[in-house]
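# Examination of the molecular architecture
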Amino acid sequence: MLTILFDGVAYGMLLFILASGLAVTLGLMNFVNLAHGAFAMAGGYVTVVLMQRYDVPFVATLPFAFLVPAAIGAVLERTIYRPMYAKSHLDQVLFSIGLVFMVVAAVDYVMGSQQQLIRLPAWLQGRFDIAGIGIGRYRSFVIAICVVLTIALQYVLVRTRFGSRLRAAVDDQQVARGLGVNVGVIFSLTFAVGSGLAGLGGALGVEMLGLDPTFPLKFMIYFLIVVTVGGRSGLIGPFTAALLIGVVDVAGKYYVPQLGAFLIYALMVAVLFLRPQGLFAVAR
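A few points on the structure. Nothing here was measured: the structure is a model prediction, and the numbers come from that model. Throughout this description, residue numbers start from 1 for each chain and increase along the sequence as written. Owing to the predicted nature of the model, reporting of local features is limited to residues with pLDDT of at least 70; listing and counting of side-chain atom pairs is limited to 80 or more, with chain, interface and lining totals taken over all residues. For the side-chain quantities, the full set of heavy atoms in the structure was used; hydrogens and water were omitted.

## Section: the overall build of the protein
Convention followed: For helices the rule is a DSSP run of H or I covering at least 4 residues; for strands it is a run of E covering at least 2, with both sets numbered from the N terminus onward. With the radius of gyration taken over C-alpha atoms, the globule rule is written as 2.2 Å times the number of residues to the power 0.38. Residues are treated as being in contact if the distance between any of their heavy atoms lies within 4.5 Å. Shrake-Rupley sampling with a 1.4 Å probe provides the accessible areas, and residues are treated as covered by the protein chains on show and by no other component. Positive residues here are Lys and Arg, negative ones are Asp and Glu, while His and the chain termini are left out of the count. The location of each charge is read from NZ of Lys, CZ of Arg, CG of Asp or CD of Glu.
Of the regular secondary structure elements, the protein holds eleven helices and two strands. In the protein, the succession of helices and strands from N to C terminus is α-α-α-α-β-β-α-α-α-α-α-α-α. Relative to its length of 284 residues, the protein is compact, with a C-alpha radius of gyration of 19 Å against a globular reference of 19 Å. Summarising its shape, the C-alpha atoms of the protein cover approximately 60 × 45 × 35 Å along the three principal directions. Contacts spanning at least 24 positions in sequence make up 75% of the contacts within the protein whose residues lie at least 6 apart. Summed over all atoms, the accessible surface of the protein reaches about 13,700 Å², with 67% contributed by carbon and sulfur. Across the protein, the 18 positively charged side chains and the 11 negatively charged ones have centroids separated by 8 Å.

## Comments concerning the packing of helix α9 (residues 215-230) against helix α10 (residues 236-255)
As a reminder, the rule being used: Where helices are involved, their axes are fitted lines through C-alpha atoms of the stretch in contact, as for all axes, and angles between N-to-C directions lie from 0 to 180°. Orientation categories follow fixed angle ranges, with anything under 35 degrees roughly parallel, anything over 145 roughly antiparallel, 65 to 115 roughly perpendicular, and all other angles oblique. Here a crossing is called left-handed whenever its near helix is offset anticlockwise from the far helix by less than a right angle, and right-handed whenever the offset is clockwise. For this scheme, ten residues count as nonpolar: Ala, Val, Leu, Ile, Met, Phe, Trp, Tyr, Cys and Pro. Four count as charged, namely Asp, Glu, Lys and Arg, and the remainder, Gly too, count as polar.
With their axes 7 Å apart at the nearest point, α9 and α10 run at an angle of 125 degrees to one another. Accordingly, the angle class assigned to the pair α9 and α10 is oblique. When the axes of α9 and α10 are compared, the crossing they make is right-handed. Along the contact surface, α9 presents Tyr222, Ile225, Val226, Val229 and Gly230, while α10 presents Gly237, Pro238, Ala241, Ala242, Ile245 and Asp249. Class assignment of the residues belonging to the contact of α9 with α10 gives a composition of eight nonpolar, two polar and one charged.

## What to know about the pattern of salt bridges
We count it as follows: Here, a salt bridge means any Lys or Arg side-chain nitrogen found within 4 Å of an Asp or Glu carboxyl oxygen.
Tallied over the full model, the rule gives five salt bridges. Of the charged contacts, one joins Asp7 and Arg127 as a salt bridge, the two residues approaching to 3.3 Å between their closest N and O atoms. Highlighted residues: Asp7 in helix α1 (residues 2-27) and Arg127 in strand β1 (residues 127-130), separated in sequence by 120 residues.

## A short note on the packing of aromatic side chains
Put simply, the rule is: Ring geometry is summarised as follows: Phe, Tyr and Trp rings, the Trp one being its six-membered ring, pair when their centres sit within 6.5 Å, and such pairs are stacked at plane angles under 30 degrees, edge-to-face over 60 and tilted between the two. Residue exposure (1.4 Å probe, protein chains only): buried if accessible area is under 20% of the type maximum, exposed if over 50%, otherwise partly exposed.
In the structure shown here, the tally under the stated rule is 13 aromatic pairs. Aromatic pair Phe215 and Phe219: ring centres 4.8 Å apart, planes at 40 degrees, arrangement tilted. Of the two residues, Phe215 and Phe219 are both situated in helix α9; the distance of four residues between them amounts to about one turn of the helix. Each ring, one from Tyr254 and one from Tyr255, has its centre 5.0 Å from the other, and the planes form 90 degrees; the classification is edge-to-face. Overall, Tyr255 belongs to the partly exposed group, its relative accessible area being 47%. One aromatic cluster in this structure is built from Phe31, Phe39, Tyr81, Tyr85, Phe95, Phe187 and Phe191.

What follows is the structure in structure tokens.
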């Protein structure tokens, strides 16, 4: 049971990193970007290409898995996303879901539809025992990275000038501009970092989640559940929701596999029934 709990925590941590960018764009910037999973897929394919074609070590690919999607996100935010900020949520959903289908088709054409595989270094393979509990080396590595990133994200959002400017720009763009805040630059950097985090999560998730051109469609609902259940007031809610979903999903697939993903949806319905604004959101 403790081993399943540990694996669920690792899965939840990975879900949070994958969904953290959406938690920022949807929860803070109030922009519905259903194409968020495409940036995660981009990071995964960056790692796959670097490892398979250029023999780059796995750990050395991770900075590129962050930087490449971040650069793509910055360019797309300036060109096609920014005009959508003022549109309705329905327009944003239609636009971003259309972008997902375009990306899926393009990646399928260029990379093929097969499942991508990578070989982890020997020091990340296998398990070790602590007090009789089997601990996966790679999952421990994922948890360590995710903990560091989570603390860094929360610190930047709450304790830095950039975070205060971002919150001010979200609350009232006109007043923020009047106070000298460059809202455009703030949103561009935020969108780029969110895209980069998704890419890093996609690279870390190749081994645990798999990778193929349908990745953005398969995990889109998970990203939305993390943000919706957690609430849109910050990162603590999505972080807690991701851990809860990860543990419930892993335990459910082990103990009651016949239910499939039903437990996740049942959990979402139960939480939203009791807390319509999410776990940590304040009703407005």
